[in-house]
Amino acid sequence: MEVLTQSLLSIVIPLYNEADNVVLLTRKIHESLEGYRYQIIYVDDFSTDGTREAINAMNDPQVHLVCLKKNYGQSLALAAGIDYAEGEYIITMDGDLQNDPADIPMMLPHVLDGTCDVVTGIRQKRKDSLVKKIPSKIANFLVRRATKLDIKDNGCALKVFTRVIAKDLNLYGEMHRFITLLAFLEGAQIKQVPVRHHARNAGVSKYGLERVFKVIADLMLLLFIRKYFQRPIHLFGIFGVLLILLGLAINAYLLLVKFGFGQDIGTRPLLIFGMMFILGGIQLFTIGIVMELLIRTYYESQSKRPYRVKKVVVGGKPS
Ligand code: UDP
Ligand code: MG
């Protein structure tokens, strides 16, 4: 096999109760990446089935095992592995052999030649139950509609990143499902390629139907982040002011009714609406202000800049 790089690759794999998969997985990675320089970073998400022992028993010098202190979930396990990773390119995948390490050499050239920062898989002939596939199709559709970003398969864990983009992902909660979108928000160039998909090798899936609701909530959060993260006052402030104006208009009308036409307004539901709109509006507006302060603290406390520079050209020569 032709090897295109001597750069170090870090393969980051979160594991929760995958004892019966790790040996075969490790062997497949070695077979697929022969000739490359790589480290395998297993993150044990507090497994209880002997996953750690199975990994240690292999005594493999290329395997690094990061053991978490409790079960944090797939996103944070991934984040821990990415933080640890030393490679110039970071590859993520699942630990149950649903992804195929043999796809990695085909994905790598797209980042190696500098044309993109993330290569993500589109699972072909996905070997999961309909209970999984249907909600995931809906989620993909929603993401596509809401973001106009043509992501075909948000749920595929097999991805290759440049180091900078991977380290900048900031995974919280269960955001691993939206990594492509997160990377896009960081300004990454993304390429999607078809990859193989297999049924789970051994062990059981860690997720049930409740994930549908989590996905919807996470998606709403991401849509907010995408549009308003750096200018929350434009959302909350505008709605706040509109509500206040509506409330004021209602109350002005009621004042006219009372003092102009001498009618009683104490029993009119409209009075409650008028007051609620004003109070709600003030609250929305203040939330906007608080969020503006928060976002400033977010950037300034970490000396982060709210923009990313791709490159600088001096005197017409790319540096
Ligand atoms: N995983 C993890 N911590 C968890 C749940 C899952 O590290 O709390 C790992 C799991 O071991 C696997 C990957 O995340 O390597 C994907 O999990 P799973 O295969 O259960 O998800 P599915 O394929 O069913 O979506
Ligand atoms: Mg799986």
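Note that this is a predicted model, so its numbers are computed, not measured. (Residues numbered from 1 in each chain as written. Chains lettered and ligands numbered in written order. Predicted model: local features only at pLDDT ≥ 70, side-chain atom pairs only at ≥ 80, totals over all residues. Heavy atoms only, no water.)

A.B. asks: When you look at the coordination of the magnesium ion (ligand 2) in this model, what are you seeing that I'm missing?
C.D. replies: Think of it this way: four donors in a tetrahedron around the metal ideally sit 109.5 degrees apart, and six in an octahedron ideally sit 90 or 180 degrees apart. Around the magnesium ion (ligand 2), the protein contributes the donor atoms Asp96 (OD) and Gln98 (OE1), at 1.9 to 2.0 Å from the metal centre. Per residue, the accessibility class of Asp96 equals that of Gln98, and both read buried. (Donors = N, O, S within 2.8 Å, 3.2 Å for Na, K, Ca; no water. Buried < 20%, exposed > 50% of the residue type's maximum accessible area, 1.4 Å probe, protein only.)

A.B. asks: Just to check I follow, could you spell out the environment of Val314 for this structure?
C.D. replies: As for its placement among the helices and strands, Val314 is situated in strand 8 (residues 313-314). The exposure class of Val314 is exposed, given its relative accessible area of 58%. Between the C-alpha atoms of Val314 and Tyr89, which are 225 residues apart in sequence, the distance is 28 Å. (Helix = DSSP H or I, 4+ residues; strand = E, 2+ residues; numbered from the N terminus.)

A.B. asks: Would you mind showing me how to read the sheet that holds strand 3 (residues 63-67) here?
C.D. replies: Paired through backbone hydrogen bonds, the strands of a sheet run either parallel or antiparallel to each other. The 7 strands lie next to each other as 3-2-1-4-6-5-7, forming an open sheet whose pairing is mixed. Only two strands of the sheet have a single partner each, and these edge strands are strand 3 and strand 7 (190-195). Averaged over all pairs of adjacent strands, the angle between their axes in this sheet comes to 20°, without regard to strand direction. Across 8 bridges, strand 1 (residues 8-15) lies against strand 2 (residues 37-44) in parallel orientation. Looking across to strand 2, one finds that Leu15 is bridged to Asp44. Running at roughly 160° to strand 2, helix 1 (residues 22-32) makes contact with strand 1, strand 2 and strand 3 of the sheet. (Pairing = 2+ DSSP bridges. Axes fitted to C-alpha atoms, helices over the stretch in contact; angles between N-to-C directions. Contact = heavy atoms within 4.5 Å.)

A.B. asks: I would appreciate a short explanation of the site of ligand 1 in the present structure.
C.D. replies: Neighbouring ligand 1 are 18 residues, the closest being Glu18, Asp45, Asp96, Lys132 and Ser205. A distance of 3.4 Å separates an oxygen atom of ligand 1 from a polar side-chain atom of Gln74. Between Arg211 and ligand 1, the recorded distance is 3.2 Å, taken from a side-chain N or O atom to an oxygen atom. For ligand 1, whose accessible area on its own is 530 Å², the fraction buried by protein is 93%. (Near = heavy atom within 4 Å. Polar contact = N/O pair within 3.5 Å; in protein donor to acceptor, adjacent residues only side chain to side chain. Areas by Shrake-Rupley, 256 points an atom, 1.4 Å probe, with all protein chains shown as cover.)

A.B. asks: Can you walk me through the packing of helix 5 (residues 130-147) against helix 8 (residues 211-228) in this structure?
C.D. replies: The description of two packed helices rests on the angle between their axes and on the distance between the axes. Relative orientation of the contacting elements helix 5 and helix 8 amounts to 10°, with a least axis distance of 11 Å. Here helix 5 lies roughly parallel to helix 8, going by the angle between them. Taking contact as the criterion, the partners of Lys132, Pro135, Ala139, Leu142, Val143, Ala146 and Thr147 in helix 5 are, on helix 8, Arg211, Val212, Val215, Leu219, Leu223 and Arg226. Here the residues of the contact of helix 5 with helix 8 sort into 9 nonpolar, 1 polar and 3 charged. (Parallel < 35°, antiparallel > 145°, perpendicular 65-115°, else oblique. Nonpolar A, V, L, I, M, F, W, Y, C, P; charged D, E, K, R; others polar.)

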